[in-house]
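Fold and geometry: a report
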Amino acid sequence: LWYYTCRFSYRSGYETMKQALEDGVPCTAVFAMADVMAIGAIRALHNNGLRVPRDVSVMGFDGLPLGSFLVPQLSTVIQSAHVMAQRGVEILIDRMENGGAACHESVPYALYQRESTRRIDE
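Let us look at the structure shown here. (Residues numbered from 1 in each chain as written. Predicted model: local features only at pLDDT ≥ 70, side-chain atom pairs only at ≥ 80, totals over all residues. Heavy atoms only, no water.)

1. Focus on the sheet that holds strand S2 (residues 57-61)
Reading across from one edge, S1-S2-S3-S4 is the order of the four strands in this open sheet, with mixed pairing throughout. Two strands bound the open sheet, and with one partner strand each, they are strand S1 (29-31) and strand S4 (109-112). Averaged over all adjacent pairs, the angle separating strand axes in this sheet is 15°, with direction ignored. As defined by bridge partners, S2 adjoins strand S3 (residues 75-79) across three bridges and the pair is classed as parallel. Bridge pairing in S3 places Gly-60 opposite Thr-76. (Pairing = 2+ DSSP bridges. Helix = DSSP H or I, 4+ residues; strand = E, 2+ residues; numbered from the N terminus. Axes fitted to C-alpha atoms, helices over the stretch in contact; angles between N-to-C directions.)

What follows is the structure in structure tokens.
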């Protein structure tokens with residue numbers, strides 16, 4: 001229901017989560033567009049006396065190896081960087097050589113539900 005813009009960094013994730021808390025945004029979950037933002041958000045939640053995932057669930061996106069070493073381990077969505085890069089280059093070359101409109105490409109993903117998220121009915 002709420003969203004904030006944020007740079008792709010630990011600090012920006014921290015500052016943005018801190019701002020949301022100061023604004024009084026009521027939330028039970030945070031989805032960050034990058035694991036580094038999620039990690040910063042977790043620190044801001046912790047520094048404000050909130051527990052992850054008991055008070056607020058946090059989900060990242062990227063699948064950084066660091067996420068599995070955090071306490072709590074970061075739940076995340078993982079896409080293959082290799083597949084994304086390969087398809088990106090193929091599409092770019094095709095557009096340069098053959099022209100054509102932009103396209104939408106779906107890439108397989110995996111959801112790693114770890115310790116930073118919980119079911120809402122728990």
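That shown, we press on.
2. Focus on the packing of helix H1 (residues 10-22) against helix H2 (residues 35-47)
At a closest axis distance of 6 Å, the pairing of H1 and H2 adopts a crossing angle of 45°. The angle between H1 and H2 falls in the class oblique. At the point where H1 passes H2, the crossing takes the right-handed sense. Contact with H1, carried on its side by Tyr-10, Gly-13, Tyr-14, Met-17, Lys-18 and Leu-21, involves Val-36, Met-37, Ile-39, Gly-40, Ala-41, Arg-43, Ala-44, Leu-45 and Asn-47 of H2 and no other residues of that element. Of the residues belonging to the contact of H1 with H2, the class tally is 10 nonpolar, three polar and two charged. (Parallel < 35°, antiparallel > 145°, perpendicular 65-115°, else oblique. Left-handed = near helix turned anticlockwise from the far one by under 90°. Contact = heavy atoms within 4.5 Å. Nonpolar A, V, L, I, M, F, W, Y, C, P; charged D, E, K, R; others polar.)

3. Details of the nonpolar core
Among the nonpolar cores identified, the biggest contains 18 residues, and Met-17, Leu-45, Val-58 and Leu-74 are the most heavily contacted of them. Those elements giving two or more residues to this core turn out to be H1 and H2. Ranked by the residues each element gives to this core, the list is headed by H2, at eight residues. When residues no more than four places from it in sequence are discounted, the contact partners of Leu-45 are Met-17, Leu-21, Leu-50, Val-52, Val-56 and Val-58. (Core = buried A, V, L, I, M, F, W, Y, C linked by side-chain atoms within 4.5 Å. Buried < 20%, exposed > 50% of the residue type's maximum accessible area, 1.4 Å probe, protein only.)

4. Some words on the pairing of S2
Burial within S2 is extensive, with four of its five residues counted as buried. As paired strands, S1 and S2 are joined by three bridges and run parallel to one another. Bridge pairing in S2 places Val-30 opposite Val-58. Handedness of the S1-H2-S2 crossover: right-handed. (Right-handed = clockwise from strand over helix to strand, strands pointing away.)

5. Points about the packing of aromatic side chains
Counted according to the given criterion, the structure contains one aromatic pair. For the ring pair Phe-31 and Phe-61, a centre distance of 6.3 Å and an interplane angle of 85° mean the geometry is edge-to-face. With Phe-31 in strand S1 and Phe-61 in strand S2, this residue pair connects regions lying 30 residues apart in the sequence. (Phe/Tyr/Trp six-rings, centres within 6.5 Å; stacked < 30°, edge-to-face > 60°.)

6. Notes on unusual backbone geometry
Note that the residue after Val-52, namely Pro-53, is joined by a cis bond; omega there is 5°. For Pro-53, the location among the structural elements is in the loop between H2 and S2. Cis geometry is adopted by the peptide bond preceding Pro-72, which originates at Val-71 and carries an omega value of 0°. Tracing the chain through its elements places Pro-72 in the loop between S2 and S3. Residues other than glycine seldom take positive phi values, yet Asp-62 does so here, at roughly 150°. Tracing the sequence through the fold places Asp-62 in the loop between S2 and S3. On the basis of relative accessibility, which here comes to 36%, the residue Asp-62 falls in the partly exposed class.

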